[in-house]
Amino acid sequence: MSSETKLRSRPVDRRALGAAAGLSILLGGMTLYPLAAGPSLAEQRAEYAAMYAQDFELPASLAVTAAESSAALTRDAFGSTPGPETFIAGGTNHDWAKLVLLYAGWPISDNNVTVITRWMRQENYVDAWWTRNNPLNIGMGGFASYSSLQESARVVAKALTTSGGYREIAAAFAASADPAVTENAIWASPWAGGHYAWGAHWHYSDVEVVTAPAGAWGR
């Protein structure tokens, strides 16, 4: 087959040629370049801030002088309440008194600690205040024994905060009342059958600090 015959067998799409020619006419003389990258997000923010910047004028009554701005700040004081571990580690009769107050949720104040340590002295000798791990002789007519001083502190705190017979004692401790007020509440309560002779057998001198054996604390 001749080349002439081959050309005739493949008709040309005149519409396609016409469209291509039209596009060439429209784009004639124009140079095409790739699209440029747009501004970054940071650049857009900067441009927006520059276009819509606002000024704020502080009233003279609220203005701060240079001396005031350089003055030292005063911060409120703060503190923390020791946990049971602190008193157990201390291991003294005064620590046990504080442990009772802590478990009962009462202030660990000088007034309250003074009363409990005097009370402990009325129940046991100071040099052996940990006898039966029961410094206030609570339970079984005063002869109960506990596994540790920590356990007896919990027992005393629970008894004083839940028994109606000790309501006045609890109220005095909660208020960190003067020792005389709290001690009168103890004498009037059913804690001791003899009511401590209504104070005649009570001792008011300071109670010395005595450390119990580590075993009494379960350590």
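All values reported here derive from a predicted model rather than from experimental measurement.

**Topic: the overall build of the chain**
1) Next: A count of helices and strands for the chain gives 10 helices and zero strands.
2) Next: Counting from the amino terminus, the chain carries its helices and strands in the arrangement α-α-α-α-α-α-α-α-α-α.
3) Next: By residue count, 32% of the 219 residues in the chain fall in the buried class.
4) Next: Taking the intrachain contacts of the chain between residues at least 6 apart in sequence as the baseline, contacts between residues at least 24 apart amount to 58%.
5) Next: Approximately 14900 Å² of the chain is accessible, and the part contributed by carbon and sulfur atoms is 57%.

**Comments concerning the packing of helix H7 (residues 110–123) against helix H9 (residues 167–174)**
Helix-helix packing is described using two parameters, namely the angle between the two axes and the distance between the axes.
1) Next: At their nearest, the axes of H7 and H9 sit 10 Å apart, and the two run at 140° to each other. The angle between H7 and H9 places the two elements in the oblique class. Note on element contacts: H9 touches H7 through Ile169, Ala172 and Phe173, opposite Asn112, Val115, Ile116 and Trp119.
2) Next: Looking at the contact of H7 with H9 residue by residue, the classes come out as six nonpolar, one polar and no charged.

**A closer look at the confidence of the model for the chain**
1) Next: Per-residue confidence for the chain averages 81 on the pLDDT scale, and 68% of its residues sit at or above 70.
2) Next: Per-element confidence in the chain ranges from a low mean pLDDT of 43 for helix H1 (residues 3–8) to a high of 98 for helix H6 (residues 93–104).
3) Next: When the criterion is pLDDT under 50, residues 19–27 qualifies, and its contacts beyond four places in sequence or with other chains add up to zero contacts.

**Describing the nonpolar core**
1) Next: Trp96, Trp119, Leu160, Phe173 and Trp191 are the most contacted members of the largest nonpolar core, which has 42 residues in total.
2) Next: In this structure tryptophan 119 touches Leu136, Leu160, Ile169, Phe173, Ile186, Trp191, Tyr196 and Trp202, once residues within four positions along its chain are discounted.

**Let's talk about the side chain of asparagine 133**
1) Next: Inspection of the secondary structure puts asparagine 133 in the loop between H7 and helix H8 (149–162).
2) Next: Here tyrosine 146 takes part through its backbone oxygen, which lies 3.0 Å from a polar atom of the side chain of asparagine 133.
3) Next: When residues no more than four places from it in sequence are discounted, the contact partners of asparagine 133 are Tyr146, Ser147, Ser148, Leu149, Ser152 and Ala216.

**Quick notes on the packing of aromatic side chains**
1) Next: Per the stated rule, a full pass over the model turns up seven aromatic pairs.
2) Next: Relative to tryptophan 130, the ring of tryptophan 129 lies with its centre 5.9 Å away and its plane at 85°, an arrangement referred to as edge-to-face.
3) Next: With centroids separated by 5.2 Å and ring planes inclined at 85°, the aromatic side chains of tyrosine 196 and tryptophan 202 adopt a geometry described as edge-to-face.
4) Next: We classify tyrosine 196 as buried; its relative accessible area is 9%.
5) Next: Residue classification places tryptophan 202 among the buried positions, given a relative accessible area of 4%.
6) Next: Note that arginine 154 overlies the ring of tyrosine 103, its terminal NZ or CZ placed 4.2 Å from the centroid.

**Digging into the packing of H7 against helix H10 (residues 179–188)**
1) Next: Contact pair H7 / H10: the axes reach a minimum separation of 9 Å and the direction vectors enclose 40°. Of the possible angle classes, the one that applies to H7 and H10 is oblique. Handedness of the crossing formed by H7 with H10: right-handed. Together, Asn111, Val115, Arg118 and Trp119 of H7 and Pro179, Thr182, Glu183 and Ile186 of H10 make up the contact between the two elements.
2) Next: Partitioned by chemical class, the residues of the contact of H7 with H10 number four nonpolar, two polar and two charged.

Cut-offs and rules
- Residues numbered from 1 in each chain as written.
- Predicted model: local features only at pLDDT ≥ 70, side-chain atom pairs only at ≥ 80, totals over all residues.
- Heavy atoms only, no water.
- Helix = DSSP H or I, 4+ residues; strand = E, 2+ residues; numbered from the N terminus.
- Buried < 20%, exposed > 50% of the residue type's maximum accessible area, 1.4 Å probe, protein only.
- Contact = heavy atoms within 4.5 Å.
- Areas by Shrake-Rupley, 256 points an atom, 1.4 Å probe, with all protein chains shown as cover.
- Axes fitted to C-alpha atoms, helices over the stretch in contact; angles between N-to-C directions.
- Parallel < 35°, antiparallel > 145°, perpendicular 65-115°, else oblique.
- Nonpolar A, V, L, I, M, F, W, Y, C, P; charged D, E, K, R; others polar.
- pLDDT = per-residue confidence, 0-100.
- Core = buried A, V, L, I, M, F, W, Y, C linked by side-chain atoms within 4.5 Å.
- Polar contact = N/O pair within 3.5 Å; in protein donor to acceptor, adjacent residues only side chain to side chain.
- Phe/Tyr/Trp six-rings, centres within 6.5 Å; stacked < 30°, edge-to-face > 60°.
- Lys NZ or Arg CZ within 6 Å of the ring centre and 35° of its normal.
- Left-handed = near helix turned anticlockwise from the far one by under 90°.

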